[in-house]
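Breakdown of the fold
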Amino acid sequence: MAMETCFRAWALHAPAGSKDRLLVGNLVLPSKRALAPLSVGRVATRRPRHVCQSKNAVDEVVVADEKNWDGLVMACETPVLVEFWAPWCGPCRMIAPVIDELAKDYAGKITCCKVNTDDSPNVASTYGIRSIPTVLIFKGGEKKESVIGAVPKSTLTTLIDKYIGSS
Amino acid sequence: MTSTVTTTVGCGGLPVRPLSTATRGRPRRCAVRAQAAGADASNDKSVEVMRKFSEQYARRSNTFFCADKTVTAVVIKGLADHRDTLGAPLCPCRHYDDKAAEVAQGFWNCPCVPMRERKECHCMLFLTPDNDFAGKDQVISFEEIKEATSKF
């Protein structure tokens, strides 16, 4: 409607011949544009953009939720560390960098996940999460241990070492 | 216990024409913006209420804010959000199956029962002097809170 109104108004006030000029203008090509010269300095070999990692190791914390929980945590062959957090939980802000470090330190040996309890309340309720932050460790799809509160990194490394050693 | 007063926030000052005659888009956009501004103002008020409560309670209970004041700021923001949405400052460092029921029960309304009885605050909002994470402050400014909580 608005476009029709605009067009009608334009048609009423357009000077004679302007329509033709507009159409002709669309057909004019920039024939004098110079072609870009080939770059002589371009290097012959370039480093491949994607470097293949032999183990496909993930070195960052993965967001787990109710949709990907089974595939990410329950079916995972390596032990899985899961941090349950909430946006306005102060201690969660302290422990988050620790989990990030652990994901890098143990890349390939464990998977580190985090669950936002506001977004995935059913997962949190299923595992009896009450206090936040809580860190769970799973092995073979089974919850093995839980750690409550913002604990030092050494507490978590001790826990992890306990489960990557045994097989 | 801090008294919780429910305040009504509306767009009272915004004239709203009947939908049948309203021009498409403009009034609705203004209304949405006004509502957002209203919500922000309301939350700011709750943040200020919870900030004052926290300072007062820290002094009264001889506890101190965390050496890392962003922890303090985040918890206060969480309490303010719950005050806005639930009517009471429910502890933001717990997971609940039914928040409304928890508010009614009151156990985890800040200051929670463990804090009142044993000075145990797992949020690290109120820390006893012997706690490893305790700082020296019993004050935190509104600006500190806004700065610490605006990034997320």
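Chains are numbered independently. Their residues run from 1 in the order of the written sequence. Key to labels: chains lettered from A, ligands numbered from 1, both in the order written. Given that the model is predicted, a residue must reach a pLDDT of at least 70 before its local features are reported, and side-chain atom pairs must reach 80 or more before they are shown or counted; all residues, however, enter totals for whole chains, interfaces and linings. The side-chain quantities take in all heavy atoms of the structure and omit both hydrogens and water.

Chain B has the name Ferredoxin-thioredoxin reductase catalytic chain, chloroplastic in UniProt, where Zea mays is given as its organism. UniProt positions are given in the numbering used here, feature names are shortened, and annotations may be inferred rather than shown by experiment. Recorded in UniProt under Catalytic activity, the annotation for chain B is "[thioredoxin]-disulfide + 2 reduced [2Fe-2S]-[ferredoxin] + 2 H(+) = [thioredoxin]-dithiol + 2 oxidized [2Fe-2S]-[ferredoxin]". Within the UniProt record for chain B, the comment given under Sequence similarities is "Belongs to the ferredoxin thioredoxin reductase beta subunit family."

The name given to chain A in UniProt is Thioredoxin M-type, chloroplastic, with the source organism recorded as Zea mays. The annotation that UniProt attaches to chain A under Function is "Participates in various redox reactions through the reversible oxidation of the active center dithiol to a disulfide. The M form is known to activate NADP-malate dehydrogenase (By similarity)." Regarding chain A, the relevant UniProt record gives this comment under Subunit: "Forms a complex with heterodimeric ferredoxin-thioredoxin reductase (FTR) and ferredoxin."

Some details on the state of the cysteines
Disulfide: a pair of cysteine sulfur atoms within 2.5 Å of each other. For the structure shown, the criterion picks out one disulfide over all chains. Each sulfur in the disulfide pair A:Cys89 and A:Cys92 lies 2.5 Å from the other. Disulfide A:Cys89 to A:Cys92: torsion about the S-S bond roughly 85°, handedness right-handed. Across the pair, exposure class does not vary: A:Cys89 and A:Cys92 are buried alike. B:Cys112 takes part in no disulfide bond, and the closest cysteine sulfur to it belongs to B:Cys91, at a distance of 6.1 Å. A simple rule labels every residue: compare its accessible area, found with a 1.4 Å probe on the protein chains alone, to the largest value its type can have, and call it buried under 20%, exposed over 50%, or partly exposed in between. Look at B:Cys112 and you get buried, because its relative accessible area is 8%.

Quick word on the interface of chain B and chain A
Contacts were defined at the residue level, with two residues in contact if any of their heavy atoms lie within 4.5 Å. Counting residues at the interface gives 19 residues for chain B, matched by 18 residues for chain A. For the pair chain B and chain A, the summed buried area comes to about 1600 Å², and 62% of that belongs to carbon and sulfur atoms. Put simply, a salt bridge is a Lys or Arg side-chain nitrogen that is within 4 Å of an Asp or Glu carboxyl oxygen. On inspection of chain B and its partner chain A, the count reaches one salt bridge. A salt bridge links A:Arg130 to B:Asp97; the shortest N-O distance between them is 3.3 Å. What qualifies as a polar contact is a pair of N or O atoms within 3.5 Å, subject to a donor-acceptor requirement within protein and to the restriction that residues adjacent in sequence count only when both atoms come from side chains. The tally of links from chain B across to chain A stands at seven residue pairs in polar contact (both at pLDDT 80 or more). Helix and strand assignments follow DSSP, with helices taken as H or I runs no shorter than four residues and strands as E runs no shorter than two, numbered in order from the N terminus. The greatest single-element share of the side of chain B that touches chain A, amounting to six residues, is contributed by helix α2 (residues 69-86) of chain B. Residues were grouped as follows: Ala, Val, Leu, Ile, Met, Phe, Trp, Tyr, Cys and Pro as nonpolar; Asp, Glu, Lys and Arg as charged; and all remaining residues, including Gly, as polar. Considered class by class, the residues forming the side of chain B that touches chain A number nine nonpolar, four polar and six charged. As used here, buried area is the combined drop in accessible area, with a 1.4 Å probe, of two parts when they are placed together.

Here we look at unusual backbone geometry
Backbone torsion omega between A:Ile132 and A:Pro133 reads 0°, so that peptide bond is classified as cis. B:Pro111 follows B:Cys110 through a cis peptide bond whose omega is 0°. Secondary-structure assignment places B:Pro111 in the loop between α3 (99-105) and α4 (113-118). Within the chain, B:Asn62 stands out as a residue other than glycine whose phi angle is a positive 55°. As for its position among the elements, B:Asn62 is in the loop between α1 (26-61) and α2. We classify B:Asn62 as partly exposed; its relative accessible area is 42%. For B:Lys119, which is not glycine, the phi torsion reads 55° and is therefore positive.

Details of the environment of B:Lys45
With respect to the helices and strands, the residue B:Lys45 is situated in helix α1. Sequence separation of B:Lys45 and B:Asp84 is 39 residues, and the distance between their C-alpha atoms is 9.5 Å.

Let's talk about the side chain of B:Ser61
All names here are of chain B. Here Ser61 lies in helix α1. At 2.9 Å, the side chain of Ser61 forms a polar contact with the side chain of Thr63. Residue contacts for Ser61: discarding those within four places in its chain leaves Met115 and Lys119.

Comments concerning the pattern of salt bridges
Residue and element names in this part refer to chain B. Throughout the structure, instances matching the rule amount to 14 salt bridges over all chains. Two residues, Lys69 and Asp137, come together in a salt bridge whose shortest N-O distance is 2.9 Å. A residue pair is termed long-range when its members are at least 10 positions apart, and Lys69 in helix α2 and Asp137 in the loop between α4 and α5 (142-149) qualify at 68 residues. You can call Lys69 buried: its relative accessible area is 15%. The exposure class of Asp137 is partly exposed, given its relative accessible area of 34%. Of the charged contacts in the structure, one is a salt bridge between Arg118 and Glu120, with a shortest N-O distance of 3.3 Å.

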